[in-house]
Amino acid sequence: MAKIHIAKYFLLMILCLASLFNKQTSPTSHTIVPSKTKNVEKTANGIEDKKTKLDKKDERLIKYLATHSHWTPFAHVSLQFHIQAPIFVARQLIKHQVGLVWNEISRRYVDTPPTFYTPEKWRGRAKDKKQGASEEEVSNHGTQTYETACHRAVEHYNQLIDSGVCPEQARMVLPQSMMTEWYWSGSLFAFARVCNLRCKPDAQYETQLVANAIDELAINVAPVSWKELRPLDIG
């Protein structure tokens, strides 16, 4: 019987291209590996400087740039994320296109055993809106029903593969909760836009997990700029 992957947090390996943050953390559910970039305020001024610590003048300039919609300097800071999450989360996040590049693993080419996300609890349906969930926890046999469905999907998938069906068609029987992974690259400004939308309380909880992790890690790359970009209505 296929094993269900139970994830409290999605694997989020993050490659942040920034000389501002030179420490590599040990691999956990959230991992960051840095490279290099330029300071936002130096890009804005068109000058190079070996100074790495910002002073009050730099901070005022960054605040001015952010609050007056001078977004291009923030587009020169690049971040790259390697993320593993359920397909239904990936399909929400891929809607963010501007300033971002996405490369996802394809089951057209692989037939490795699929794994699935299982929630810790089942949320009730929202009564006052068409989408989303309520704070109420549904205490029924949801997990058992769900895991049975996943097991059967894997059995059907394996049957198709064993009968000679190509992976690109056999994958059609796999559910949206199957884990996928992708590389996500883009500018500091673009990821601030993602977090300004997906960190909100009305975003789906599972999507918030990814966005919150990006939020927590990106602030280590460019703390002053991120602080100024995050409250802005750039979504």
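Residues numbered from 1 in each chain as written. Predicted model: local features only at pLDDT ≥ 70, side-chain atom pairs only at ≥ 80, totals over all residues. Heavy atoms only, no water.

1. Thoughts on the overall build of the chain
No. 1: The helix and strand tally for the chain stands at eight helices and seven strands.
No. 2: Contacts in the chain between residues at least 24 apart in sequence constitute 69% of all its contacts with a sequence separation of at least 6.
No. 3: About 14,100 Å² of surface is accessible on the chain, with carbon and sulfur atoms providing 52% of the total. (Helix = DSSP H or I, 4+ residues; strand = E, 2+ residues; numbered from the N terminus. Contact = heavy atoms within 4.5 Å. Areas by Shrake-Rupley, 256 points an atom, 1.4 Å probe, with all protein chains shown as cover.)

2. A look at the pattern of salt bridges
No. 1: Summed over all chains, the structure comprises six salt bridges.
No. 2: Between Arg-230 and Asp-215 there is a salt bridge, with its nearest N and O atoms 2.9 Å apart. Placement of Arg-230 in the segment after helix 8 (223-229) and of Asp-215 in helix 7 (residues 205-221) is noted, with a sequence separation of 15 residues between them. (Salt bridge = Lys/Arg side-chain N within 4 Å of Asp/Glu carboxyl O.)

3. Focus: helix 2 (residues 56-67)
No. 1: Look at helix 2: 16 Å from first C-alpha to last across twelve residues, which is about the 16 Å you get at 1.5 Å a residue.
No. 2: Taken as a whole, helix 2 has its buried residues at Asp-58, Ile-62, Leu-65 and Ala-66. Here the buried residues of helix 2 occupy an arc of 95 degrees about the axis, which is enough to place them on one side. Opposite the packed face of helix 2, turned more than 90 degrees from it, sit the exposed residues Lys-56, Lys-57 and Arg-60.
No. 3: The N-capping residue of helix 2, defined by a side-chain oxygen 3.1 Å from the backbone nitrogen of Lys-57, is Asp-55.
No. 4: Immediately downstream of helix 2, the backbone of Ser-69 shows phi near 65 degrees, a positive value. (Expected span 1.5 Å × (residues − 1). Buried < 20%, exposed > 50% of the residue type's maximum accessible area, 1.4 Å probe, protein only. Arc of directions from axis to C-beta. Polar contact = N/O pair within 3.5 Å; in protein donor to acceptor, adjacent residues only side chain to side chain.)

4. Here we look at the pairing of strand 7 (residues 179-187)
No. 1: Bridging between strand 3 (residues 78-86) and strand 7 involves nine bridges; their strand directions are antiparallel. Residue Gln-84 lies in a different strand from strand 7, and its bridge partner there is Glu-181. (Pairing = 2+ DSSP bridges.)

5. Digging into the environment of Cys-150
No. 1: Mapped onto the elements of the fold, Cys-150 is located in helix 4 (residues 142-162).
No. 2: Residue class for Cys-150 comes out buried when judged on its relative accessible area of 1%.
No. 3: Each C-alpha atom, one on Cys-150 and one on Pro-175, is 7.3 Å from the other, the two residues being 25 residues apart in sequence.

6. Remarks on unusual backbone geometry
No. 1: Despite not being glycine, Ser-69 has its phi angle at roughly 65 degrees, a positive value.
No. 2: For Ser-69, the location among the structural elements is in the loop between helix 2 and strand 3.

7. Digging into the confidence of the model for the chain
No. 1: Per-residue confidence for the chain averages 79 on the pLDDT scale, and 77% of its residues sit at or above 70.
No. 2: Across residues 1-38 the pLDDT falls below 50, and counting only partners more than four positions away or on other chains, this stretch makes 108 contacts in the model.
No. 3: Low confidence marks residues 44-50, where pLDDT is under 50. Its contacts with residues over four positions away, or in another chain, come to five contacts. (pLDDT = per-residue confidence, 0-100.)

8. Looking at the side chain of Gln-92
No. 1: Structurally, the position occupied by Gln-92 is in helix 3 (residues 87-93).
No. 2: By relative accessible area, which is 18% here, Gln-92 ends up buried.
No. 3: A distance of 3.0 Å separates a polar atom in the side chain of Gln-92 from a polar atom in the side chain of Gln-204.
No. 4: Apart from residues no more than four positions distant in its own chain, Gln-92 is found in contact with Arg-198, Gln-204 and Thr-207.

9. Re the side chain of Glu-228
No. 1: Counting through the fold element by element, Glu-228 comes out in helix 8.
No. 2: Leaving out residues up to four positions away in the same chain, Glu-228 has contacts with Ile-62, Lys-63 and Ala-66.

10. Quick notes on the environment of Arg-60
No. 1: Counting through the fold element by element, Arg-60 comes out in helix 2.
No. 2: For the pair Arg-60 and Val-224, spaced 164 residues apart in the sequence, the C-alpha separation amounts to 9.7 Å.

11. So, the packing of aromatic side chains
No. 1: Tallying each qualifying case throughout the model produces seven aromatic pairs.
No. 2: Geometrically, the ring pair formed by Trp-71 and Phe-189 is tilted, given 5.6 Å between the ring centres and 35 degrees between the ring planes. Placement of the pair is Trp-71 in the loop between helix 2 and strand 3 and Phe-189 in helix 6 (residues 188-198), with a sequence separation of 118 residues.
No. 3: Given a relative accessible area of 44%, Trp-71 falls into the partly exposed group.
No. 4: Here Trp-102 and Trp-184 contribute two aromatic rings whose centre-to-centre distance is 5.2 Å and whose plane-to-plane angle is 70 degrees, an arrangement assigned as edge-to-face. With Trp-102 in strand 4 (residues 100-104) and Trp-184 in strand 7, this residue pair connects regions lying 82 residues apart in the sequence.
No. 5: For Trp-102, a relative accessible area of 17% puts it in the buried group.
No. 6: An aromatic cluster of three or more residues is present, and its members are Phe-81, Trp-102, Trp-182, Trp-184 and Phe-191. (Phe/Tyr/Trp six-rings, centres within 6.5 Å; stacked < 30°, edge-to-face > 60°.)

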